[in-house]
Amino acid sequence: MSNPFDRPSGPTGPDGPQRPGGNGGSGGARPASTSRRPGALVITAIILVLAFMLLSAFASFWTERLWFGSVGYQEVFTTLLLTRIGLFFVFAGLMAAVVAVAMAMAYRYRPVLWPGMPGMPDDGMDRYRQLVGPRMGWVIGGTAALMGLFAGASASGQWRSYSLWRHSKEFGTTDPYFNKDVGFYVFDLPFWHYIVDFVMALAVVGLIASLLMNYLFGGIRLSARPGERLTSAAQIQVSALLALFVLAKAVDYWLDRFDLVTNSGSIFTGMGYTDDKAVLPAKEILAGIAIVCALLFLANIWRRTWLLPSVGVALFALSAIILGLIVPTLVQAIRVNPNVPDREGPYIKANIDATRAAYQLDQIDVRDVGGTAVSGDGELETLDDVTDGIPLVDPQIVSEIFEQQQQVRAYYSVPNVLDVDRYEIEGKDRAVVLGVRELDQSGLAEGDQNWSNLHTAYTHGNGVIAAYANQRPEDDSVQQTGIQWAEGQEADEDALTRLAGEDGYETRVYFGEQSPTYSIVGQRPGGAPVEFDLPRGDRSDEEVATTYDGAAGVPIGNIFSQLLYAVRFSEPNLLLSSRVHENSKILYDRNPRQMVEKVAPWLTVDSDPYPAVVDGRIQWILDGYTVTDKYPLSQRESLEEMTDDSLQENTGFQTLPTDEINYLRNSVKATVDAYDGTVTLYEWDEEDPILQAWEEVFPDVVQPNEDIPEALREHLRYPEDLFKAQRFQFQRYHETSASAWFEGSSRWEVPSDPQRTTRLQPPYRLFTDTGEGETWSLTSVYVPRRKENNLAAYMAVNSDATSTDYGKVSVLQLPNEPSGGPLQIANTFATNEDVSQALLPYTTGDADRVPGNLLTLPIGDTFMYVQPVYTRRAGESNFPILRFVLVSYEGNVGIGETLRGAIADSLIFADDGGRDQNQSPEPTDEPSPTDEPTPSEGASPTEAPSGSVQAQIRELLRRAETKFVQADQAQADGETVRWARLMEQGRALIEEAVELAD
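Residues numbered from 1 in each chain as written. Predicted model: local features only at pLDDT ≥ 70, side-chain atom pairs only at ≥ 80, totals over all residues. Heavy atoms only, no water.

### Section: the overall build of the chain
For step 1, the next point in the chain: A tally of regular secondary structure across the chain gives 28 helices and 34 strands.
For step 2, the next point in the chain: Expressed as a percentage of its 998 residues, the buried residues of the chain come to 53%.
For step 3, the next point in the chain: For the chain, long-range pairs separated by at least 24 residues make up 69% of all intrachain contacts whose partners lie at least 6 apart in sequence.
For step 4, the next point in the chain: Put simply, the chain shows about 44,400 Å² of open surface, and 53% of that area lies on carbon and sulfur atoms. (Helix = DSSP H or I, 4+ residues; strand = E, 2+ residues; numbered from the N terminus. Buried < 20%, exposed > 50% of the residue type's maximum accessible area, 1.4 Å probe, protein only. Contact = heavy atoms within 4.5 Å. Areas by Shrake-Rupley, 256 points an atom, 1.4 Å probe, with all protein chains shown as cover.)

Given below as structure tokens:
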């Protein structure tokens, strides 16, 4: 018999005359198969489809490049492109090379005699050999290229992990189990995992290619006798590739050891008792066994026997089952489950420490409060002073008021939930609720919604609308019953305009959250402007036109650019319309959040961009986060779940393959100019190692912190998504004891929104004092877990970026005694008889009661709840109107048309409840010069006076007279609710006196 390693040639080859069916074979020549050539139309159609697909792909790529250039970030596009191309070709080349070599070697060393030849049994593969043999070069090249394409596409998606690995940094903190710096887990380990997985994929794909080729050409014969089923060449190839795979698996086991500190367990993220005592040794042992198996496969190249490799693989599989599955399960069931707190205690403590560090919870200042209320002769004045900045304007409810009172054209609108910011007006920081007047093309008449109008005429929004949040006028004097506008359409509503200087601010908004898909801007030489604009103070129907002249936008004055954008947007008018000329630019991809995500694709961007008038421009301000899910031992959670509340819409967080993270830093502050689209990124957390790594990947993209203009810094604030993630984690991780953490007896939770009980209450921005003076803060509260009727703690973070205490989180922790939580207070407001009576005239018929946001404010060592109450009648043109303010203080409910009136009412109620019941107040002839209640005002109308019947009657009449005098004063002060209550109390005293007289 011939040597199976001899290469077939000459007449004995696959095309020789001895081949059955060949020219010299007994089967004779086969008739040529007939084929029909596709018709010319089919070929033409295929060519056109392919050409259009290529043109679409090129148009998408090239217009993306032009967009980056138009906003000044061409280097980001270039770096991304080169990195992805480099990864593609390196990994695609490796995969293609392995597949090509495996197939070429199998074909090169195919046996001289194969099935189907004279004297050899036919295996049914002859037709395939006949088809493949003459085209072997194309088959090998095509298969290798196809596998390379898949590998390259996968590798190009690893540009993030590669870039971080290439520019890795140290955190300066090590884990307690492997003594590795955190940077190893964040920067190095993910890419090493990908390298090992790729090597295993190389071995598997190469092995499959080799097996198929050997089987096709007889190197593998399944019907042969044992020992002769593989030729020597096939055995060498298979053994080498299996050895490579098993060796890579050994490295994979070794790297998997480090994943134990980042894997999520049933209780917490990180190393647990079972992981430490069973899984970790198992992976080390399996890594050693895998190395032995790899050596056995390599030895099989020379020994020509599959016995030892088979035994090694069986041992390896058995060990994987026993060590990887059975032993950990037994350890968990026998050692851990019966005594979880003791076994898992040290590991829970490590998780607590890491989580607090990763989310900066270890920097939160926790202070106990004792529930001491403000008291004294000037109680009302004191409370009025500390609550004068309370925002009564609900950013969600008043959006309709903004629409009705400030939108003079149907094609403008504001967001459903407005933003809250602060401005220094007349020397005092004032909270304002504001929104950008953006373009809403759906407001155009249906007949006006043609291409020219939608894309060349109605191109931009106009200005901002702002109202003082505490519903006080510009001088911050006395709270009014109606909205007090800080910036609007009327000439006297221009506080923000005056702050911007003599020339005001640029009102045109081409880049915003509701901007059209694309707009064509630019004025034809010698032509007139065609873009509709809204002049300030103009409520006439006269149209005013303008032309965009900002730096952003891609010129499309040439036919080539017009063609590309016509393909991208599937719009032939970009080629045909006379509105597109040599001076035209196209604006697209202009949502501020989308723009920042594109120029900084490594950032996770906060879900709430907010506008501010800075240096005469409307700037969208955004917060950018660096995140990872590889911080060792830190608790991993879904970012979407952590940031969910009643105001949150779809966040769309997409920086990681999933939105689960366990490390979060507000590393970047970004701005987008609403007029010209300029995107600027500033360093914020300069010590963040992830930010430092990305700054090396994309140099000069992020500007230094010291370059932030002071005018802009005044409007930077603590980001909401970061605060919500911290409050989510702190509800468990305020507890630093492992046993208490596991028991969960002291666990808190964020309360449900009283108005939407299926969602969580959102945080609120207001001026608050947690013990170190009043600051601009972002606040929230906690309730005990599953006990939403009680208040557990109050959380506030200094949101003033100009303060040295910016970012300091303070938590006021209440004692275990019951204290009303938001849900209980909301129920109290809803069922209070005085509140219902006061609202009755406004909620009858087709009118509805619309409760505003329920705010919690620390007052000394106790808390006050404040809630605005709006009413709204049915009908599209009716908007909510603020009717009353509700207050709950020291367990007493007050209602008034103003906050001061509501506080005074709650104090009257407190006095009626017996605060001064042991005193015998003397009647007064004159009302108190202030609005605070006097002792006689606080006497209960049903309190029985002492003495004879006549003395009792005189005392009751004196009290009634005092009530009526105080009622007159309340009426003069405009405090209607207080007047009604005092009149009712006076009448009750007279009725009691009449009963005694009878």
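### Thoughts on the confidence of the model for the chain
For step 1, the next point in the chain: Overall, the predicted model of the chain reaches an average pLDDT of 85, with 86% of residues at or above 70.
For step 2, the next point in the chain: The low-confidence segment residues 1-30 (pLDDT under 50) makes 45 contacts with residues lying over four places distant or belonging to another chain. (pLDDT = per-residue confidence, 0-100.)

### Structural notes on the sheet that holds strand 7 (residues 464-468)
For step 1, the next point in the chain: Read from one edge of the open sheet, four strands run 3-4-7-8, paired in antiparallel fashion. Whereas interior strands pair on both sides, the edge strands pair on one side only; in this sheet they are strand 3 (419-425) and strand 8 (485-487). Neighbour-to-neighbour, the strand axes of the sheet open up by a mean angle of 40 degrees, direction not taken into account.
For step 2, the next point in the chain: Bridge count for strand 3 against strand 4 (residues 428-436) is seven bridges, and the pairing is antiparallel. Bridged to Glu424 within strand 4 is Asp429. (Pairing = 2+ DSSP bridges. Axes fitted to C-alpha atoms, helices over the stretch in contact; angles between N-to-C directions.)

### Re the sheet that holds strand 10 (residues 518-521)
For step 1, the next point in the chain: Ordered by their spatial adjacency, three strands build an open sheet running 10-14-13, and the pairing between neighbours is antiparallel. Of all strands in the sheet, those with a lone pairing partner are strand 10 and strand 13 (554-555), marking the two edges.
For step 2, the next point in the chain: Sheet topology note: the strand 10/strand 14 (residues 585-588) ladder contains four bridges and is antiparallel. Residue Val521 lies in a different strand from strand 14, and its bridge partner there is Lys585.

### Considerations on the packing of aromatic side chains
For step 1, the next point in the chain: Within this structure, the stated rule accounts for 48 aromatic pairs.
For step 2, the next point in the chain: Ring geometry for Phe171 and Phe187: centres 6.0 Å apart, planes at 40 degrees, overall tilted. Here Phe171, found in the loop between helix 5 (159-166) and helix 6 (182-216), pairs with Phe187, found in helix 6; they are 16 residues apart in sequence, far enough to count as distant. Across the pair, exposure class does not vary: Phe171 and Phe187 are buried alike.
For step 3, the next point in the chain: Ring plane angle 25 degrees and centroid distance 6.4 Å describe the contact between Tyr194 and Phe198, whose orientation is recorded as stacked. Here the residue Tyr194 and the residue Phe198 both occupy positions in helix 6, the gap between them amounting to four residues, near one helical turn.
For step 4, the next point in the chain: The buried category is assigned to Phe198, whose relative accessible area is 7%.
For step 5, the next point in the chain: One aromatic cluster is present, formed by Phe58, Phe61, Trp62, Trp67, Phe68, Phe77 and Phe560 through successive ring pairs. (Phe/Tyr/Trp six-rings, centres within 6.5 Å; stacked < 30°, edge-to-face > 60°.)

### Details of the pattern of salt bridges
For step 1, the next point in the chain: All told, the structure shown has 35 salt bridges when counted by the stated rule.
For step 2, the next point in the chain: The closest approach of N and O atoms between Asp589 and Arg568, which form a salt bridge, is 3.4 Å. Taken together, the residues span a long stretch of sequence, with Asp589 in the loop between strand 14 and helix 17 (592-599) and Arg568 in helix 15 (residues 559-568) at a distance of 21 residues.
For step 3, the next point in the chain: One salt bridge connects Asp685 with Arg665, and the closest N-O pair in it is separated by 3.9 Å. Taken together, the residues span a long stretch of sequence, with Asp685 in the loop between strand 21 (679-683) and helix 19 (689-697) and Arg665 in strand 20 (residues 663-673) at a distance of 20 residues.
For step 4, the next point in the chain: Among the residues examined, Asp685 registers a relative accessible area of 18% and is labelled buried.
For step 5, the next point in the chain: Taking relative accessible area as the criterion, Arg665 reaches 10% and is therefore assigned buried.
For step 6, the next point in the chain: Salt bridges sharing partners connect three or more residues here, namely Glu64, Arg568, Asp589 and Lys598. (Salt bridge = Lys/Arg side-chain N within 4 Å of Asp/Glu carboxyl O.)

### Looking at unusual backbone geometry
The phi angle of most residues is negative, glycine excepted, and most peptide bonds adopt the trans form.
For step 1, the next point in the chain: A positive phi angle, close to 55 degrees, is found at Asn179, a residue other than glycine.
For step 2, the next point in the chain: Following the sequence through the fold, Asn179 ends up in the loop between helix 5 and helix 6.
For step 3, the next point in the chain: The phi dihedral of Glu890 falls on the positive side, at around 55 degrees, and the residue is not glycine.
For step 4, the next point in the chain: Relative to the assigned elements, Glu890 resides in the loop between strand 33 (881-889) and strand 34 (892-896).

### Remarks on the nonpolar core
For step 1, the next point in the chain: Formed by 160 residues in total, the largest nonpolar core has its most connected members in Tyr73, Leu574, Ile586, Trp602, Leu681 and Phe698.
For step 2, the next point in the chain: Residues within four places of Ile586 in sequence aside, it is in contact with Tyr518, Ser519, Ile520, Gly553, Val554, Ile556, Tyr565 and Phe569.
For step 3, the next point in the chain: One finds Val369, Leu854, Tyr889 and Leu907 within the second-largest nonpolar core, a separate group that totals 41 residues. (Core = buried A, V, L, I, M, F, W, Y, C linked by side-chain atoms within 4.5 Å.)

### Quick word on helix 5
Every α-helix carries 3.6 residues per turn, so stepping three or four residues along brings you back to the same face.
For step 1, the next point in the chain: All of the buried residues along helix 5 are Trp159, Ser161, Ser163 and Leu164.
For step 2, the next point in the chain: Buried residues along helix 5 sit against helix 2 (74-108), helix 4 (136-156), helix 6 and helix 19.

### A short note on the environment of Lys963
For step 1, the next point in the chain: Relative to the helices and strands, Lys963 resides in helix 27 (residues 949-972).
For step 2, the next point in the chain: Judged by its relative accessible area of 1%, Lys963 is buried.
For step 3, the next point in the chain: Polar side-chain contacts of Lys963 include one of 2.9 Å to the side chain of Gln985. (Polar contact = N/O pair within 3.5 Å; in protein donor to acceptor, adjacent residues only side chain to side chain.)

### Considerations on the environment of Tyr510
For step 1, the next point in the chain: Mapped onto the secondary structure, Tyr510 falls in the loop between strand 9 (508-509) and strand 10.
For step 2, the next point in the chain: Here the alpha-carbon distance between Tyr510 and Tyr548, two residues 38 residues apart in the chain, equals 8.4 Å.
For step 3, the next point in the chain: Contact partners of Tyr510, with chain neighbours within four places excluded, come to Thr459, His460, Ser515, Val521, Glu531, Thr546, Thr547, Tyr548, Leu587, Arg590, Ala674 and Tyr675.
For step 4, the next point in the chain: A polar contact of 2.5 Å, which involves the side chain of Tyr510, links it to the side chain of Glu531.

### A closer look at a negative patch on the surface
For step 1, the next point in the chain: Together, Glu686, Glu687, Glu706 and Asp707 line one region of the surface with negative charge.
For step 2, the next point in the chain: The residue Glu687 is located in the loop between strand 21 and helix 19 in this model.
For step 3, the next point in the chain: Looking at Glu687, the relative accessible area reads 68%, which means it is exposed. (Patch = residues over 30% accessible without salt bridge, like charges linked within 9 Å, V, L, I, M, F, W, Y side chains within 5 Å. Lys, Arg positive; Asp, Glu negative; His and termini not counted. Charge placed at Lys NZ, Arg CZ, Asp CG, Glu CD.)

### Examining the packing of helix 4 against helix 6
For step 1, the next point in the chain: Between helix 4 and helix 6, whose axes approach to 12 Å, the crossing angle comes to 160 degrees. Comparing their axes, helix 6 and helix 4 come out roughly antiparallel. As helix 4 runs across helix 6, the sense of the crossing is right-handed. Each of Met136, Met147, Ala151, Ser154 and Ala155 in helix 4 lies in contact with helix 6, whose residues at this interface are Tyr194, Phe198, Val205 and Met213.
For step 2, the next point in the chain: Looking at the contact of helix 4 with helix 6 residue by residue, the class counts come to eight nonpolar, one polar and no charged. (Parallel < 35°, antiparallel > 145°, perpendicular 65-115°, else oblique. Left-handed = near helix turned anticlockwise from the far one by under 90°. Nonpolar A, V, L, I, M, F, W, Y, C, P; charged D, E, K, R; others polar.)

### A closer look at the side chain of Glu637
For step 1, the next point in the chain: Relative to the elements of secondary structure, Glu637 occurs in strand 18 (residues 637-638).
For step 2, the next point in the chain: Glu637 sits in the buried class, given a relative accessible area of 14%.
For step 3, the next point in the chain: One polar contact links Glu637 to Arg732, side chain to side chain, over a distance of 3.0 Å.
For step 4, the next point in the chain: When residues no more than four places from it in sequence are discounted, the contact partners of Glu637 are Met642, Asp659, Glu660, Ile661, Phe728, Gln729 and Arg732.

### A word on the pairing of strand 21
For step 1, the next point in the chain: Burial analysis of strand 21 places five of its five residues in the buried class, the great majority of the element.
For step 2, the next point in the chain: With burial as the criterion, each face of strand 21 is covered, one bearing Val679, Leu681 and Glu683 and the other bearing Thr680 and Tyr682.
For step 3, the next point in the chain: Here strand 20 runs beside strand 21; their pairing, made up of five bridges, is antiparallel. The residue bridging Ala670 from the neighbouring strand is Leu681, located in strand 21.
For step 4, the next point in the chain: Pairing between strand 21 and strand 22 (residues 702-703): two bridges, direction parallel. Bridged to Leu681 within strand 22 is Val702.
For step 5, the next point in the chain: Each parallel crossover has a hand, and the one from strand 21 via helix 19 to strand 22 is right-handed. (Right-handed = clockwise from strand over helix to strand, strands pointing away.)

### So, the pairing of strand 33
For step 1, the next point in the chain: In terms of burial, strand 33 is largely enclosed, as seven of its nine residues are buried.
For step 2, the next point in the chain: With eight bridges joining them, strand 32 (residues 862-873) and strand 33 adopt antiparallel strand pairing. In the sheet register, Met864 faces strand 33, and the bridge partner there is Tyr889.
For step 3, the next point in the chain: Across five bridges, strand 33 lies against strand 34 in antiparallel orientation. Following the sheet pairing, Leu886 is matched in strand 34 by Ile895.
For step 4, the next point in the chain: Hairpin connection from strand 33 to strand 34: two residues lie between these consecutive antiparallel strands, with Glu890 at a positive phi of about 55 degrees.

### As for helix 11 (residues 379-386)
For step 1, the next point in the chain: Those residues of helix 11 that sit buried are Glu379, Leu380, Leu383 and Asp384. Projection of helix 11 onto a plane perpendicular to its axis shows the buried side chains occupying an angular sector of 130 degrees, all on one side. (Arc of directions from axis to C-beta.)

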